[in-house]
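Summary of structural features
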Amino acid sequence: MHRRIITLTLNPTIDKSTTVVGISPNSKLRCTEPTYDAGGGGINVSCAIKKLGGDSLGMYLAGGPTGNHLKQLLDKDGIEQSIIKIEGWTRDNLAVTDTVTNQQYRFGMPGPNVKKEEWEAVLKQLEDYLQESDYLIASGKLPPGIPDDFYVQVAAIARKKKARFILDTSGEALMKAAAHSHIYILKPNLGELAALCGVPSISALELEILAKKFLAEHDCEALVVSLGAKGALLATKYEMEYVPAPTVLQKSTIGAGDSMVAGMVMSLIWGKSFSDMVKYGVACGTAATMHEGTKLCNKDDADKLYEWIRRAQTVKK
Ligand SMILES: Nc1ncnc2c1ncn2[C@@H]1O[C@H](COP(=O)(O)OP(=O)(O)OP(=O)(O)O)[C@@H](O)[C@H]1O
Ligand SMILES: [Mg+2]
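Read on for a plain summary of the structure. Treat the numbers as computed from the prediction; the structure is a model and nothing was measured. (Residues numbered from 1 in each chain as written. Chains lettered and ligands numbered in written order. Predicted model: local features only at pLDDT ≥ 70, side-chain atom pairs only at ≥ 80, totals over all residues. Heavy atoms only, no water.)

**Topic: the sheet that holds strand 3 (residues 35–39)**
Reading across from one edge, 3-2-6-7 is the order of the four strands in this open sheet, with mixed pairing throughout. One side of each edge strand has no neighbouring strand; the edge strands of this open sheet are strand 3 and strand 7 (103–107). Sheet twist, expressed as the average angle between the axes of neighbouring strands with direction ignored, equals 25°. With five bridges connecting them, strand 2 (residues 13–20) and strand 3 associate as antiparallel partners. Across the sheet, residue S17 finds its bridge partner in strand 3, namely T35. Against the sheet, helix 2 (residues 64–76) touches strand 2, strand 3 and strand 6 (91–98), its axis set at about 90° to strand 3. (Pairing = 2+ DSSP bridges. Helix = DSSP H or I, 4+ residues; strand = E, 2+ residues; numbered from the N terminus. Axes fitted to C-alpha atoms, helices over the stretch in contact; angles between N-to-C directions. Contact = heavy atoms within 4.5 Å.)

**Some details on the packing of helix 3 (residues 116–129) against helix 4 (residues 150–160)**
For the pair helix 3 and helix 4, interaxial distance at closest approach is 10 Å and the crossing angle is 15°. Judged on the interaxial angle alone, helix 4 and helix 3 are roughly parallel. Relative to helix 4, the crossing made by helix 3 is right-handed. Taken together, the residues of helix 4 that come into contact with helix 3 (itself represented by W119, V122, L123, L126 and E127) are F150, Q153, V154, I157 and K160. For the contact of helix 3 with helix 4, the per-class residue count stands at seven nonpolar, one polar and two charged. (Parallel < 35°, antiparallel > 145°, perpendicular 65-115°, else oblique. Left-handed = near helix turned anticlockwise from the far one by under 90°. Nonpolar A, V, L, I, M, F, W, Y, C, P; charged D, E, K, R; others polar.)

**Here we look at the site of ligand 1**
By nearness alone, 19 residues border ligand 1, and N189, S226, G228, G231 and Q250 come closest of all. Between an oxygen atom of ligand 1 and a side-chain N or O atom of K187, the distance comes to 3.0 Å. Between ligand 1 and the protein, one listed contact pairs a nitrogen atom with a side-chain N or O atom of Q250 at 2.6 Å. Isolated, ligand 1 exposes 630 Å² of accessible area, and the fraction of that covered by the protein chains is 79%. (Near = heavy atom within 4 Å. Polar contact = N/O pair within 3.5 Å; in protein donor to acceptor, adjacent residues only side chain to side chain. Areas by Shrake-Rupley, 256 points an atom, 1.4 Å probe, with all protein chains shown as cover.)

**Digging into the packing of aromatic side chains**
Under the defined criterion, the tally for this structure stands at six aromatic pairs. Taken together, a centroid distance of 6.0 Å and an interplanar angle of 90° make the contact between W119 and F150 edge-to-face. Of this pair, W119 sits in helix 3 while F150 is found in helix 4, placing the two residues 31 residues apart along the sequence. Like W119, the residue F150 is buried in the burial classification. Summarising the aromatic geometry, the rings of W270 and Y280 are spaced 5.3 Å apart at their centres and angled 70° between planes, so their arrangement reads as edge-to-face. Pair noted here: W270 is in the loop between helix 8 (256–269) and helix 9 (274–288) and Y280 is in helix 9, with a separation of 10 residues, a long-range link. Of the residues examined, W270 reaches a relative accessible area of 39% and is grouped as partly exposed. Here the aromatic residues W119, F150 and Y151 are joined through ring pairs into a cluster of three or more. (Phe/Tyr/Trp six-rings, centres within 6.5 Å; stacked < 30°, edge-to-face > 60°. Buried < 20%, exposed > 50% of the residue type's maximum accessible area, 1.4 Å probe, protein only.)

None of this, on its own, says anything about what the molecule does.
This is the structure:
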């Protein structure tokens, strides 16, 4: 069966990065020529999938000259796109690295206000496009104007079309989706899982119990809790497995979560089990932390780390 991957990004961005020699207030800061990257949860997942040798359709909202620029960047990367036009301009975020301290300052914008008919057009597009056995990955926060239950509506369409819905988001949108939807895979980090469980924080001792409780109370097939440098926990009704992350020289953790999700879905496309899926996901997440600047994983690093993780588990047994 040919399974397609569709990523959904409601609040994409142009990530503009530059450097400056020393940051101080009230003075003109002369920056170097910026580089531009396409960004936003689902778009990052699509770009990471490409780096892993896969293909996906990037469905996203875009408007204004920045929206056109985003399309150009993704065209250059060879990403197939389905764009829902909006009146507001696609946001652009700014990252400035101070070369004296090597600290990066990241300024994130809220994103354009999305009108009702614009976000309804996304639902219509999904209705028309989704097919049985597709993987639909929604990643990222919702921009202003889109109701908190948007992912609930997305999940309902995925269910109707028998597509598999993978969700990686936070805040109220995550709470609503988890409470009211059928989700194939949910990928919270520890903080997001704590919010889902209504607790301020989660210790290592409580994690498995809370994951089990969550699965008993929600309609979710697999819960993958990412644990940063500690790796991830896979929890389903039938299995509970920790996957350690290899220790690497960490350069930048930006995009680790999106690379992880890309690795997970590619592993599923290759017909692997949930257990292997999380191992490859952790490998890709860790691979993303190994290089400065580039926010996504590269396949060589990911494949090597995956082998390391598999060997580490064999040794343990
Ligand atoms: N410091 C690190 N060392 C090794 N691997 C890491 C590190 N940080 C993250 N990872 C890898 O990336 C995966 C996802 O990271 P994390 O749990 O931080 O996700 P997240 O909080 O959702 O990240 P994001 O901010 O990108 O959304 C981890 O499971 C792990 O494999
Ligand atoms: Mg995340």
